[in-house]
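Descriptive analysis of the structure
Residues per chain are reported as follows:
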Amino acid sequence: SGQSLGYGFVNYVDPKDAEKAINTLNGLRLQTKTIKVSYARPSSASIRDANLYVSGLPKTMTQKELEQLFSQYGRIITSRILVDQVTGVSRGVGFIRFDKRIEAEEAIKGLNGQKPPGATEPITVKFANNPSQKTNQAILSQLYHSPNRRYPAPLAQQAQRFRFPPMTIDGMTSLAGINIPGHAGTGWCIFVYNLAPDADESILWQMFGPFGAVTNVKVIRDFNTNKCKGFGFVTMTNYDEAAMAIASLNGYRLGDRVLQVSFKTNKTHK
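An unreviewed UniProt entry lists the protein chain under the name ELAV-like protein, with Chlamydotis macqueenii given as the organism. Per UniProt, the protein chain carries the Sequence similarities (unreviewed entry) text "Belongs to the RRM elav family."

Within the secondary structure, Glu 201 is located in helix 7 (residues 201–208). Among the polar contacts listed, one links the side chain of Glu 201 to the side chain of Arg 221, at a separation of 3.1 Å. Not counting chain neighbours up to four residues away, the residues in contact with Glu 201 comprise Val 217, Lys 218, Val 219 and Arg 221.

This part is about the pattern of salt bridges. This structure, assessed with the given rule, holds 5 salt bridges. A salt bridge links Lys 100 to Asp 99; the nearest nitrogen and oxygen atoms lie 3.1 Å apart. Residue Lys 100 is classed as partly exposed on the basis of its relative accessible area, which comes to 34%. With its nearest N and O atoms 3.1 Å apart, the salt bridge here joins Glu 201 to Arg 221. One end of the pair, Glu 201, is in helix 7; the other, Arg 221, is in strand 8 (residues 214–221), with 20 residues separating them in the sequence. Classification of Glu 201 by relative accessible area gives buried; the value is 19%. Take Arg 221: its relative accessible area is 29%, and that puts it in the partly exposed class.

Quick look at the nonpolar core now. By size, the foremost hydrophobic cluster in this structure holds 25 residues, and its most contacted members are Ile 190, Val 192, Leu 204, Phe 208, Val 234, Met 236 and Val 261. Breaking this core down by element, the ones donating at least two residues are strand 7 (188–193), helix 7, strand 8, strand 9 (228–236), helix 8 (239–249) and strand 12 (260–263). In this structure, Met 236 is in contact with Gly 187, Trp 188, Ile 190, Phe 208, Phe 211, Gly 212, Ala 213, Val 214, Glu 241, Ala 242 and Ala 245, ignoring residues within four places of it in sequence. The next biggest cluster of nonpolar side chains, apart from the first, holds 18 residues, and it includes Val 54, Leu 57, Phe 70 and Ile 108.

With that settled, the discussion passes to a nonpolar patch on the surface. Nonpolar side chains collect at one region of the surface, where Leu 5, Tyr 7 and Phe 9 lie side by side and expose about 400 Å² of accessible area between them. You can see Tyr 7 is positioned in the segment before helix 1 (15–25). Exposure remark for Tyr 7: the relative accessible area of 60% places this residue in the exposed category.

Conventions and cut-offs
Residues numbered from 1 in each chain as written. Predicted model: local features only at pLDDT ≥ 70, side-chain atom pairs only at ≥ 80, totals over all residues. Heavy atoms only, no water. UniProt positions renumbered as here; feature names shortened; annotations may be inferred. Helix = DSSP H or I, 4+ residues; strand = E, 2+ residues; numbered from the N terminus. Polar contact = N/O pair within 3.5 Å; in protein donor to acceptor, adjacent residues only side chain to side chain. Contact = heavy atoms within 4.5 Å. Salt bridge = Lys/Arg side-chain N within 4 Å of Asp/Glu carboxyl O. Buried < 20%, exposed > 50% of the residue type's maximum accessible area, 1.4 Å probe, protein only. Core = buried A, V, L, I, M, F, W, Y, C linked by side-chain atoms within 4.5 Å. Patch = residues over 30% accessible without salt bridge, like charges linked within 9 Å, V, L, I, M, F, W, Y side chains within 5 Å. Areas by Shrake-Rupley, 256 points an atom, 1.4 Å probe, with all protein chains shown as cover.

Set out below in structure tokens:
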């Protein structure tokens, strides 16, 4: 179908860079999902098809409680409970991925048709379908937003919460002089002003990541103290996503500071 299976791989030359990427990006919220970043395991038959689909869960069951229920059967790699995107209430459906296929098989034997604590009905535990199978496409389209809808509702509602009006292109002269947003060749560069002295790159990743593909972030630091000088830059691949990030994050209160966010102009910030 050409649809993403929801995972990918990044190879680093330096192991320290890989460790930094994991520490910075693991758990990052991207639109409606929280991503998991970890070291890849060598592929083998023993770890394939170890993903379980669980239905009939009590609506009050948390992800932690779900893991506690299944952890007796083996090492859990990932887990999640599907929630309604509008109400935030559990759909009673979850996924558990074990380290090994045999652990998933044991969990099915032990929990399928059983009533977990707090449940009034038995739960169903079975192997999850391969996302590429046609039978699963209808489920995916119901659980997630249509691909034609660029920005999900929670994001749009989040943008409306900010009381500070976003700067227009014409109004950017107040920040950096020339009112022409610059294209860096590899993406669109965004200027972020009024960061705290202790701000680091991870803050920028976490703020801008939910809006789209971020290729680079940089906090400008004082040479002597290594403290942030109050501003930084974010490069995003897509113009529309960069514009949405600016409209949503300009005027955003980060700690006790109100951020000013705009396209970087042709004026050089040193």
